[in-house]
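Summary of structural features
So you can see what is in the structure, the chains are spelled out below.
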Amino acid sequence: MENRFNYKIVADSSADLPALAEVNYAQVPLLIRAGQNEYLDDETLDVHAMVEDLRQYKGRSTTACPGIGDWLAAFDGADAVFAVSITSALSGGYNAAVAAGETYCQEHPGACVHVLDSRSTGPEMRLLVEKLREYVLAAEPPERIWQKIQRYARHTHLLFSLESLTNLAGNGRVHPAVAAAVGILGIRIVGCASEKGELHPLAKCRGESKALAELLRQMERMGYRGGKVRIDHCENEPAALLIRHALLKQGYHDVEIHRCRGLCSYYAEKGGILIGFEDGGV
Ligand code: X90
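The present account deals with the structure reproduced in this document. (Residues numbered from 1 in each chain as written. Predicted model: local features only at pLDDT ≥ 70, side-chain atom pairs only at ≥ 80, totals over all residues. Heavy atoms only, no water.)

**A word on the site of the ligand**
Around the ligand sit 16 residues in total, of which Thr63, Cys65, Ser91, Arg173 and Tyr267 are the nearest. Thr63 places a polar side-chain atom, nitrogen or oxygen, 2.5 Å from an oxygen atom of the ligand. Between the ligand and the protein, one listed contact pairs an oxygen atom with a side-chain N or O atom of Ser91 at 2.7 Å. Considering the ligand on its own, with 550 Å² of exposed area, one finds that the protein chains cover 98% of that surface. Counting only elements with at least two residues in the shell around the ligand, the list comes to strand S5 (61-64) and strand S8 (156-162). Of the residues that constitute the shell around the ligand, the class distribution is eleven nonpolar, four polar and one charged. Residue-level mapping places the shell around the ligand at the junction of two domains, with at least three residues from each of domain 1 (7-30 + 65-153) and domain 2 (156-278). (Near = heavy atom within 4 Å. Polar contact = N/O pair within 3.5 Å; in protein donor to acceptor, adjacent residues only side chain to side chain. Areas by Shrake-Rupley, 256 points an atom, 1.4 Å probe, with all protein chains shown as cover. Helix = DSSP H or I, 4+ residues; strand = E, 2+ residues; numbered from the N terminus. Nonpolar A, V, L, I, M, F, W, Y, C, P; charged D, E, K, R; others polar. Domains from an automatic or database assignment.)

**Focus: the packing of aromatic side chains**
One pass over the full model with this rule turns up six aromatic pairs. Residues Trp71 and Phe75 carry aromatic rings whose centres are separated by 6.3 Å and whose planes lie at 45° to one another, so their mutual orientation is tilted. One end of the pair is Trp71 and the other is Phe75, both in helix H2 (residues 68-75) and four residues apart, which spans about a single turn. Taking relative accessible area as the criterion, Phe75 reaches 0% and is therefore assigned buried. Ring plane angle 90° and centroid distance 6.1 Å describe the contact between Tyr224 and Phe277, whose orientation is recorded as edge-to-face. On the criterion of sequence distance, the pair formed by Tyr224 in strand S11 (residues 224-233) and Phe277 in strand S13 (residues 273-279) is long-range, its members being 53 residues apart. Owing to a relative accessible area of 0%, Phe277 belongs among the buried residues under this scheme. (Phe/Tyr/Trp six-rings, centres within 6.5 Å; stacked < 30°, edge-to-face > 60°. Buried < 20%, exposed > 50% of the residue type's maximum accessible area, 1.4 Å probe, protein only.)

What follows is the structure in structure tokens.
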């Protein structure tokens, strides 16, 4: 199918997706600040070095979402834009993208910009972007893509296992009481992104093997029936491989492993695992 649209997919860097083949794609970076050091979460960031620096650094650190100008620059050249942002419940990135969309449409009559609030981050955003890519490659009309991606997003989910909530709590992204429970050595918190896109704790697990079993159990409870699975990890490939192995053994095959980039590494911290997956309703 051929049509007249010049499509572009844009996602912020919390999607852990610096590049995407065969379609017009741009990533807008978030920023991590620790004292004098600034880490721009673009494709050149040395994530491992950043994680090591941050482990040494005991002062205050913060993050900043992309601003309106960053999104605007990323939309450039397109007349049918699909932007995917980190959850609006925890970041201003979505609002900035929406404002950029309004400006872009004023400046480019006839263009359309659709901004999807992922209500999530990391590998669930990857699923949304991969699906948008399918629709764009099929040259579906923008309005139809917009309808379909919103429906699809109701059937994707995010689970995670974290060893530390220090940075989430320090930046007011999680209740201090939840963070305190995880400070204890060896305790991992397993949780999910809620409907609203907030961090929702589900279980405290002693030791990694219990946390991995809990993740698999929760996937099933949340409706996983063998659909796509995307695992992002922060310096914890062994855990990601164990989860993939368990899924492959059950006969499920569409399971990919990727590394967290800067923003997700900062918040998920060393050892963190994020799992984006489709439920059986897709
Ligand atoms: O605007 C900003 O400065 C960015 C703030 C982002 C805060 C949350 C990032 C979460 C990253 C951590 C584990 C998964 C939690 C998912 C809850 C939806 C990943």
